[in-house]
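One letter stands for each residue in the lines below.
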Amino acid sequence: MDAIRVPRIGPGRPRVRPAHVLGDKGYSSKAIRTWLRRRGIGHTIPERADQIRNRLRRGSHGGRPPAFDKQLYKRRNVVERCFNRLKQWRGIATRYDKTAESYQAAITLASLLMWA
């Protein structure tokens, strides 16, 4: 999580604190939620089924369920579908290119051909 960098348009250092994080159930740990909350970063991460069961099993000591905005989470689907379409290109999925520049060029080319 410390490696998060949000690039700026134009000059300046990249921001290290995004406004909001959309994550899948793999990022639903208490440690990650606490880390995001401490840094003042809003997050929309669904709870895993085992976390819901454990919270309900504890009753009133289990606490409230974390806030979850379904409409905001639906936007994450657009990004996931884009990644899946890019992975249909074998060179991108297996990363045949040796340098970062040629790999980024392949992603740019595939993106242009997808949207054309």
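Conventions we followed
- Residues numbered from 1 in each chain as written.
- Predicted model: local features only at pLDDT ≥ 70, side-chain atom pairs only at ≥ 80, totals over all residues.
- Heavy atoms only, no water.
- Helix = DSSP H or I, 4+ residues; strand = E, 2+ residues; numbered from the N terminus.
- Buried < 20%, exposed > 50% of the residue type's maximum accessible area, 1.4 Å probe, protein only.
- Salt bridge = Lys/Arg side-chain N within 4 Å of Asp/Glu carboxyl O.
- Core = buried A, V, L, I, M, F, W, Y, C linked by side-chain atoms within 4.5 Å.
- Contact = heavy atoms within 4.5 Å.
- 1 Å grid on protein atoms, 1.4 Å probe; cavity = no way out; pocket = protein on both sides within 12 Å on 5 of 7 lines; lining within 4 Å.
- Points joined across faces, edges and corners; volume = space filled by probe spheres on them.
- Patch = residues over 30% accessible without salt bridge, like charges linked within 9 Å, V, L, I, M, F, W, Y side chains within 5 Å.
- Areas by Shrake-Rupley, 256 points an atom, 1.4 Å probe, with all protein chains shown as cover.

If you look the chain up in an unreviewed UniProt entry, it shows as Transposase DDE domain protein from Streptomyces platensis.

Mapped onto the secondary structure, Arg48 falls in the loop between strand S2 (42-44) and helix H2 (49-57). Overall, the relative accessible area of 30% leaves Arg48 in the partly exposed class. Considered as a pair, Arg48 and Tyr27 are 21 residues apart in the sequence and their alpha carbons are 9.4 Å apart.

In this section: the pattern of salt bridges. Under the counting rule described, the total for this entry stands at four salt bridges. Here Arg76 and Asp24 are joined by a salt bridge, their closest N and O atoms 3.6 Å apart. Of this pair, Arg76 sits in helix H4 (residues 76-86) while Asp24 sits in the loop between strand S1 (20-22) and helix H1 (30-38), and the two are 52 residues apart along the sequence. Taking the relative accessible area as the measure of exposure, Arg76 reaches 16% and is therefore buried. A salt bridge links Arg76 to Glu80; the nearest nitrogen and oxygen atoms lie 3.2 Å apart. One end of the pair is Arg76 and the other is Glu80, both in helix H4 and four residues apart, which spans about a single turn.

Membership of the largest hydrophobic core is limited to six residues, which are Val21, Ile32, Trp35, Leu36, Ile41 and Ile45. Per element, the largest residue contribution to this core is three residues, and it comes from H1. Apart from residues no more than four positions distant in its own chain, Val21 is found in contact with Leu36, Ile41, Gly42, His43 and Thr44.

Within the fold, His43 resides in strand S2. Classification of His43 as buried rests on a relative accessible area of 15%. Those residues within four positions of His43 in sequence are excluded, and the remaining contacts are His20, Val21, Arg33, Leu36, Arg37 and Ala67.

Put simply, the largest pocket is a space of about 380 Å³. Taken together, 15 residues line the largest pocket, and the ones lying closest to its centre are Lys30, Glu47, Gln51, Arg55 and Gly62. Those elements that provide at least two residues to the lining of the largest pocket are H1 and H2. Among the elements that line the lining of the largest pocket, the one with the most residues is H1, at four residues.

The next thing to look at is a nonpolar patch on the surface. A contiguous nonpolar patch, built from Val78, Val79 and Phe83 and spanning about 270 Å² of accessible area, is present on the exposed surface. As for its placement among the helices and strands, Val79 is situated in helix H4. Given the relative accessible area of 44%, Val79 is considered partly exposed.

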